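Architecture and fold: a report
Letter by letter, the chains look like this.
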Amino acid sequence: MSAQEKNLKQRTISGLFWRFGERITAQLISFVVSIVLARLLLPEQYGTIACVTIFITLANVFVSSGLGASLVQKKDSDELDFSTMFWASFVSSVVLYLILFFTAPLISAIYHDDLLTPVLRVMGLKLPIAAFSTIQQAYVAKKMIFKKFFFSTLFGTLVSAVVGIVMALNGFGVWALVAQYLTNSFIDTFVLFITIDWRPKMLFSKLRFKKLFGFGWKIMASSFIGTLFDQLRGLIIGVRFSSADLAYNNKGEQIPTIVGNNLNVAFDSVLFSSISKLQHDKKAVKNALRRATKISTYLLCPLLLGIASSGESIIRVLLTDKWLACVPFLQIVCFQQVFSILNTVNMQAIKAVGRSDIILKLEFIKKPIYLAMIVGAIFFGPLAICAANAVYGVVALFINTRHNKKLFGYTLKEQVGDSFGYIALSLIMAVAVYFIGKAPINMYVLLAIQILAGAIIYLFLSVVFRAEPLYGFKKGAKAFINSRRKQ
């Protein structure tokens, strides 16, 4: 291993520790808050926010996706590049906010809910904030100073948690969720503003924008297509069925998504940054991908499958019986997130080496298949739509890995080989946890036993079968602690 690879490996491990810490801390706090709010608010109120979030999320793609990634991917991006992409992002956010503002009544009419108009107009203010934070996050990722994310996210999550709970207790209903959402975004951005060196300047280069956007627009287009089709499920459920059905779907997604997506976010940012620096060394990239596959599978699979096997206990204890209808959604999404682990590794690698054209091409190949599956599932209800999305994750994996094989020689067979052992250990643990859940005892005690038993069983199996990531974590933790002591 070259000196560059060793140095990058150390920075990557440090980045993963801080990014994991940031994601886990933030989502733990957010999850606790969501439990409190779910007990205070009705499923229909969550459904209103879920409807609005669909449109905010779609608009945010044009503000965030691709523009920041182009700065990270470019090896020598400078102040002019960062300021140029900031102003491009900011202007886009203002235009998109105005579009949402004036189309809000139409969207309300589609959902037959007049409350959507003011809620959408207020929550849409997230877009200008996102324009600023996108470039901040690109700067952090470029410099690999992920420690900054930890503190900005922690403060934002804590402050917004207090705001949301206080407003819910005082009867503000839906507006408690709106305030929590906006406060979190604003505080995150403000803390980064005072902790990193970058500030936007009155600089803009058409030439630089053209060059950066040449890479970024393909990421943006592919992200929009992916996000559109991902949000299509919620759009269909909300319009064809009810806001309560949408709330059950979204609440069922919440727990596995907290585990899956947010740990994937950590891998996304750190893996993308590290591979971008190794993009011309095919062997080094493949080694990085194999490490990422093993670590992410080892961490995520036991969590996801453990949640699926104890889903009913979790919902009863955390959200009360009024949310039991979301249990099957939760279990399906857990299995879907298992496949998203490998999909994430594949897509980040392709993006990091500058092949955004491939990412866009893949979206045009995959999404017609997705659309056909979702349309077919409509006739069988919301749960069938959720299941179709899980099956699509498997189909997407077969399609995504073809290009990874061509670019890096990392085949689907190798990826399955690198992850299968940890999936098998997780399944053994999950089966045991499921049968423990049949015990006729107090639900709080039962859930505690399931969690403890799951952790012990998985750790025991990891030691018995000498799971490589477990020993890697020990070495990484020691290196991380030693590096902190030297500073």
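Let me begin by describing the structure that accompanies this report.

**Some remarks on the overall build of the protein**
On a plain count of helices and strands, the protein comes out with 18 helices and zero strands. Burial status across the protein gives 55% buried among its 487 residues. Taking the intrachain contacts of the protein between residues at least 6 apart in sequence as the baseline, contacts between residues at least 24 apart amount to 84%. Carbon and sulfur atoms make up 69% of the accessible area of the protein, which totals about 21400 Å².

**Thoughts on the pattern of salt bridges**
All told, the structure shown has nine salt bridges when counted by the stated rule. Asp78 is the salt-bridge partner of Arg208, the closest N and O atoms lying 2.8 Å from each other. Of this pair, Arg208 sits in helix H9 (residues 206-241) while Asp78 sits in the loop between helix H3 (67-73) and helix H4 (79-111), and the two are 130 residues apart along the sequence. Across the pair Arg208 and Asp81 runs a salt bridge, and its minimum N-O distance is 3.0 Å. In this pair, Arg208 is assigned in helix H9 and Asp81 in helix H4, connecting sequence segments 127 residues apart. Its relative accessible area of 0% is what places Asp81 among the buried residues. Where salt bridges share partners, they join Asp78, Asp81 and Arg208 into one cluster.

**As for helix H6 (residues 126-143)**
For H6, spanning 18 residues, the distance from its first C-alpha to its last is 25 Å, which sits close to the expected 26 Å at 1.5 Å a residue. Where burial is concerned, most of H6 is hidden: 15 out of the 18 residues are buried.

Scoring rules and cut-offs
- Residues numbered from 1 in each chain as written.
- Predicted model: local features only at pLDDT ≥ 70, side-chain atom pairs only at ≥ 80, totals over all residues.
- Heavy atoms only, no water.
- Helix = DSSP H or I, 4+ residues; strand = E, 2+ residues; numbered from the N terminus.
- Buried < 20%, exposed > 50% of the residue type's maximum accessible area, 1.4 Å probe, protein only.
- Contact = heavy atoms within 4.5 Å.
- Areas by Shrake-Rupley, 256 points an atom, 1.4 Å probe, with all protein chains shown as cover.
- Salt bridge = Lys/Arg side-chain N within 4 Å of Asp/Glu carboxyl O.
- Expected span 1.5 Å × (residues − 1).

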